[in-house]
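# Descriptive structure summary
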Amino acid sequence: MSEPGVAEGKPVTLLPQRPFPKSVSPESRVSRRTSRRTRWDLLGVHLGLLCVCAGLLLPFLWMLSTSLKTVTQTTETPPRFVPHPVQPRNYLTIFNYPNFDMITLTRNTLVIALLTVIGSTLSSAIVAYGFARITFPGRGVLFVIMLATIMIPFPVVMVSTFRIFRWMDGVSAAWFGPDNWLQMLGTFKPLWLPAWFGSAFNIFLLRQFFITVPRELSEAARIDGCSEIMIFSRIILPLAKPALAVVALFSFLNVWNDFLGPLVYIQRPRQYTLALGLQSLQNQHGGSQWHLLMAASVLVCLPTLLLFFLAQRTFIRGIATTGGK
Amino acid sequence: MTRQSRNNLFKGMGFISPWLVGFAIFTAIPMALSLYYSFCDYALTSPTHAPLWIGLENYRLLLRDALFWKSLRNTMYYASMALPAGMLVSLGLALMLNAPIRGVAFYRAMVFLPSLVPTVASAMIWLWMFNGRLGLFNFMLGKIGVDGPDWLDERWAMPSLALMSVWGVGNTVIIYLAGLQDVPKELLEAAELDGAGRWRRLISVVLPILTPVIFFNLVMAIIGTFSILIIPYIMTQGGPNNATYFYTMFNYDQAFRFLHMGYAAALAWIQLGIILALTGVAFWSARKWVHYE
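Please read these numbers as outputs of a predicted model, since none were measured by experiment.

## Topic: the overall build of chain A
A tally of helices and strands in chain A yields 15 helices and 2 strands. Buried residues in chain A amount to 39% of all 325 residues. The contacts of chain A with a sequence gap of at least 6 include a subset with a gap of at least 24, amounting to 75%.

## A few points about the domain arrangement of chain A
Parsing chain A into structural domains produces domain 1 (30-93) and domain 2 (98-285). The centre of domain 1 of chain A, based on its C-alpha atoms, is set 37 Å off from the matching centre of domain 2 of chain A.

## Quick word on the interface of chain A and chain B
Residue-level contacts link 84 residues of chain A with 83 residues of chain B. A per-element tally of the side of chain A that touches chain B places helix H1 (residues 29-67) of chain A first, with 15 residues. Broken down by class, the residue content of the side of chain A that touches chain B amounts to 56 nonpolar, 23 polar and 5 charged.

## What about unusual backbone geometry?
Excluding glycine, most residues fall at negative phi; most peptide bonds, likewise, are trans. Put simply, His84 of chain A and Pro85 of chain A share a cis peptide bond, and its omega is 0°. One non-glycine residue, Gln237 of chain B, lies in positive phi territory at about 50°. Relative to the assigned elements, Gln237 of chain B resides in the loop between helix H11 (230-235) and helix H12 (247-257). Of the residues examined, Gln237 of chain B has 11 C-beta atoms within 10 Å and is grouped as exposed. The backbone phi angle of Asn241 of chain B is positive, close to 55°, even though this residue is not glycine. With respect to the secondary-structure elements, Asn241 of chain B resides in the loop between H11 and H12.

## Things to note about helix H10 (residues 198-226) of chain B
Residue and element names in this part refer to chain B. An ideal rise of 1.5 Å per residue puts 42 Å on 29 residues; H10 reaches only 36 Å between its terminal C-alpha atoms. Largest kink in H10: about 50°, centred on Thr211, with the proline Pro212 one to four residues after it. For H10, the set of buried residues is Leu210, Val213, Asn217, Leu218, Ala221, Thr225 and Phe226. Buried residues in H10 make contact with helix H3 (66-97), helix H8 (170-181) and helix H13 (261-289).

## Regarding the packing of H3 of chain B against helix H7 (residues 157-167) of chain B
Residues and elements named next belong to chain B. Contact geometry for H3 and H7: axes closest at 9 Å, N-to-C directions at 25°. As judged from the angle between their axes, H3 and H7 are roughly parallel. Considering the relative orientation of H3 and H7, their crossing is right-handed. Contact residues: Tyr77, Tyr78, Met81, Ala82, Ala85, Gly86 and Val89 in H3; Met158, Pro159, Leu161, Ala162, Ser165 and Val166 in H7. Class assignment of the residues belonging to the contact of H3 with H7 gives a composition of 11 nonpolar, 2 polar and no charged.

## Topic: H3 of chain B
Helical geometry note: an α-helix holds 3.6 residues per turn, so side chains three or four residues apart project in the same direction. All names here are of chain B. With 32 residues, H3 ought to run about 46 Å at 1.5 Å a step, and its terminal C-alpha atoms sit 45 Å apart, in line with that. Largest kink in H3: about 25°, centred on Ala79. Taken together, the buried positions of H3 are Phe68, Ser71, Asn74, Thr75, Tyr78, Ala82, Gly86, Ser90, Leu91, Leu93, Ala94 and Leu97.

## A look at the environment of Ser34 of chain B
Structurally, the position occupied by Ser34 of chain B is in helix H1 (residues 3-37). With 25 C-beta atoms counted inside 10 Å, the residue Ser34 of chain B sits in the buried group. In this structure the C-alpha to C-alpha distance between Ser34 of chain B and Leu267 of chain B, which are 233 residues apart in sequence, comes to 9.9 Å. Not counting residues up to four positions away in its chain, the partners in contact with Ser34 of chain B are Val159 and Ser160 of chain A together with Ala265, Ala268 and Trp269 of chain B.

## Notes on the environment of Pro155 of chain A
Within the secondary structure, Pro155 of chain A sits in helix H6 (residues 154-176). Sequence spacing of Pro155 of chain A and Tyr97 of chain A is 58 residues, and the spatial spacing of their C-alpha atoms is 33 Å. Apart from the residues within four sequence positions on either side, Pro155 of chain A is in contact with Ser227, Leu229, Thr248, Asn251 and Tyr252 of chain B.

## Structural notes on the environment of Phe250 of chain B
Mapped onto the secondary structure, Phe250 of chain B falls in helix H12. What makes Phe250 of chain B buried here is the crowd of 26 C-beta atoms within 10 Å.

Rules and cut-offs
Residues numbered from 1 in each chain as written. Chains lettered and ligands numbered in written order. Predicted model: local features only at pLDDT ≥ 70, side-chain atom pairs only at ≥ 80, totals over all residues. Helix = DSSP H or I, 4+ residues; strand = E, 2+ residues; numbered from the N terminus. Buried ≥ 20, exposed ≤ 12 C-beta atoms within 10 Å, placed from the backbone. Contact = placed C-beta atoms within 7 Å. Domains from an automatic or database assignment. Nonpolar A, V, L, I, M, F, W, Y, C, P; charged D, E, K, R; others polar. Expected span 1.5 Å × (residues − 1). Bend = angle between axes of the 7 residues up to and from the residue. Axes fitted to C-alpha atoms, helices over the stretch in contact; angles between N-to-C directions. Parallel < 35°, antiparallel > 145°, perpendicular 65-115°, else oblique. Left-handed = near helix turned anticlockwise from the far one by under 90°.

Structure below.
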């Protein structure tokens with residue numbers, strides 16, 4: 001089986017596709033007649049896209065340019081696009097900056113990200129299997145309820161979820177005393193624990209994939225005496241690797257980019273994530289050290305951008321599937 | 001119930017049990033609790049710390065709260081710019097990126113790139129771009145002889161934030177592109193043989209087939225737009241003079257700054273109501289314009 005696209009849709013790729021239809025069949029005279037006009041149209045599209053892309057890239061270039069400037073250059077009017085002299089030292093400065101401990105920030109973010117990615121991928125796959133491969137009464141209703149939860153924005157439940165964690169702490173403190181291992185608030189748990197119960201979006205994505213796997217595969221395994229758990233782990237999961245990669249990637253991105261979650265649940269600077277660290281860096285200077293702020297921003301952006309270039313296909317397939325088939 | 005189906009019920013429930021438990025703990029109970037709190041006087045600052053039933057008092061107070069109306073108006077104002085702009089730009093870009101041109105892969109990557117930038121980082125970048133004295137915008141405007149305003153002042157902050165939101169449409173564009181791949185070639189060829197030009201084909205063939213995707217993106221955009229919090233929280237802190245004080249910020253402040261849990265819960269439920277009403281309207285209107293095969 002060649003890499004199956006998620007759902008039955010054809011995966012869109014960012015990779016070069018055949019630029020023009022290979023051959024124009026002799027019957028389609030219409031195409032040939034309009035081909036001259038079409039060529040001009042396509043040139044227009046090229047120009048349009050060039051302008052758009054230049055516009056979209058501008059913020060990146062501006063960030064990069066500022067990150068290499070000296071502090072006096074950042075306050076120069078009119079500003080210069082190409083820094084002169086170039087000061088790459090900013091990156092070293094920011095690495096050893098007080099209150100912006102890059103190593104700790106990255107470690108915190110990675111710990112949360114890793115636990116979230118593992119938990120979310122694993123549990124979402126298990127739940128998706130139930131929704132996709134087992135017919136049981138009430139499945140349809142439950143699936144619709146699950147889909148509906150995607151529409152609940154986090155700000156709507158953040159207050160009461162916070163209360164739930166506080167309540168859990170009260171209960172665990174009554175049983176095990178204060179500061180026990182079940183303590184939620186003040187730890188990273190509120191940020192990654194919910195992921196271990198599956199996330200609606202990932203469940204939906206994986207279910208779309210699981211239903212495309214032929215039923216006969218499961219049936220054959222069942223006749224051979226496989227239990228449902230074995231079918232799931234030995235047959236479906238290995239087949240679903242591309243879909244699992246999509247889910248893992250998106251969970252990672254979500255955590256890496258998350259700001260609101262850490263903002264609500266993390267108070268101590270030692271536990272800050274990169275996102276929180278970057279914001280507090282900005283707060284400290286109130287907008288005077290733009291070269292350092294931009295250098296920090298570049299460093300925060302870098303991992304996701306790298307990940308994108310390494311895993312373009314996975315990305316695009318994932319987003320394409322969300323298009324709700 | 002046969003033995004087989006009872007067996008399946010057990011197995012099915014077993015597999016989906018993680019979600020069932022998570023749904024109960026992290027969605028159902030919090031929502032029920034917050035509905036209850038929204039009818040309570042529940043300030044964490046009070047010595048008792050216990051919710052006290054006061055009926056509809058929170059909602060009544062809200063309707064008389066000037067900041068509530070201000071934040072609601074602000075959010076609507078922002079949505080009225082960001083929603084249509086985002087929808088139009090993403091659809092337009094997707095159509096352009098669907099053209100059979102050389103280097104389309106490069107263009108697609110470039111369009112998608114901004115949506116990868118962490119929210120905080122993009123807030124930093126744009127804060128710097130919008131800077132009235134040293135920012136890139138006013139520098140470029142200055143080149144063509146326009147004296148640009150301070151982009152985050154009371155008058156311009158909202159349009160600026162809406163403009164910034166268009167930068168991150170990459171996700172939506174890719175979803176449109178996936179939809180465009182499903183437009184049957186034969187249909188386009190048939191239309192072409194019938195003498196339909198580029199625009200005619202777009203309006204009569206491509207767009208109708210694309211309507212379910214447009215609808216999906218519309219619903220997602222409504223939810224996203226009405227939940228915006230982080231960008232203004234970092235960039236303007238709701239200012240100047242509450243010009244960018246969004247609904248969700250009001251909610252956040254009430255809950256975590258002033259610890260008015262009851263009031264905040266009422267706000268959350270009103271927000272959910274608004275989102276449901278808007279998506280409801282979208283679903284209702286969908287019968288008129290969304291074509292399913």
